[in-house]
Amino acid sequence: MPRLARWDAFPPALRRHLMERMRERGIGLEDLYELMHWVRSAPLVPDGDWYKDFGTFKLCGNGALPKTFLLPGQIAKGQKL
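These numbers were taken from a predicted model, which means no experiment stands behind them.

### Observations regarding the nonpolar core
Consideration 1: Of all hydrophobic cores here, the largest spans 15 residues; its most connected members are Leu 35, Trp 38, Trp 50, Phe 54, Phe 57, Leu 59 and Phe 69.
Consideration 2: Among the elements that line this core, the one with the most residues is helix α1 (residues 12–24), at three residues.
Consideration 3: Dropping the residues within four chain positions of it, Leu 35 is found in contact with Phe 54, Phe 57, Leu 59 and Phe 69.

### Some details on the packing of aromatic side chains
Consideration 1: On inspection of all chains with the given rule, the structure shows five aromatic pairs.
Consideration 2: Between Trp 38 and Trp 50, the ring centres sit 6.2 Å apart and the planes meet at 55°, which makes this aromatic pair tilted. In this pair, Trp 38 is assigned in helix α2 (residues 29–40) and Trp 50 in strand β1 (residues 49–53), connecting sequence segments twelve residues apart. For the pair Trp 38 and Trp 50, one class covers both residues: buried.
Consideration 3: An aromatic cluster is present here, built from Trp 38, Trp 50, Phe 54, Phe 57 and Phe 69 joined pairwise through their rings.

### A short note on unusual backbone geometry
Consideration 1: Of note in this structure, Ala 42 is not a glycine but carries a positive phi near 50°.
Consideration 2: Counting through the fold element by element, Ala 42 comes out in the loop between α2 and β1.

### Looking at the environment of Leu 32
Consideration 1: As for its position among the elements, Leu 32 is in helix α2.
Consideration 2: The class for Leu 32 is partly exposed, based on a relative accessible area of 23%.
Consideration 3: When the C-alpha atoms of Leu 32 and Arg 3 are compared, they prove to be 19 Å apart, with 29 residues separating the residues in sequence.
Consideration 4: Contact partners of Leu 32, with chain neighbours within four places excluded, come to Met 22 and Ile 27.

The rules we used
Sequence order as written defines the numbering, with residues in each chain counted from 1. This being a predicted model, a pLDDT of at least 70 is required before a residue's local features are given, and a value of 80 or more before pairs of side-chain atoms are given or counted; all residues contribute to the totals for chains, interfaces and linings. Excluding hydrogens and water, the side-chain figures rest on all heavy atoms present in the structure. Definition used in this section: a nonpolar core is a set of buried Ala, Val, Leu, Ile, Met, Phe, Trp, Tyr and Cys residues joined via side-chain atoms within 4.5 Å. The cut-offs for exposure are 20% and 50% of the maximum accessible area for each residue type, with area from a 1.4 Å probe on protein chains only; residues under the lower value are buried, those over the upper are exposed, and the others partly exposed. Helix and strand definitions here come from DSSP, where helices need a minimum of 4 consecutive H or I residues and strands a minimum of 2 consecutive E residues; each element is numbered from the N-terminal end. Whether two residues are in contact is decided by their heavy atoms, any of which lying within 4.5 Å being enough. What counts as a ring pair is set by centres within 6.5 Å for rings of Phe, Tyr and Trp (its six-membered ring), and what kind of pair is set by the plane angle: stacked under 30 degrees, edge-to-face over 60, tilted for all other angles.

Here it is in structure tokens:
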């Protein structure tokens, strides 16, 4: 199982996409602090699709890279972390 990649390892287009989704989904500073804490723990993630439910949003990814943010009511695919 890979570890979640760090921000500076994300392709630039992915960083832009995540920032855009974060704004669109209204993810606030408290949410980002919780996300930052989880990311700093260098979590192991599956090779395939996965998601982490933070309550007010979900982070979805594939392998070491996150792919998008979803709102609580949106359905995520993959393994729940």
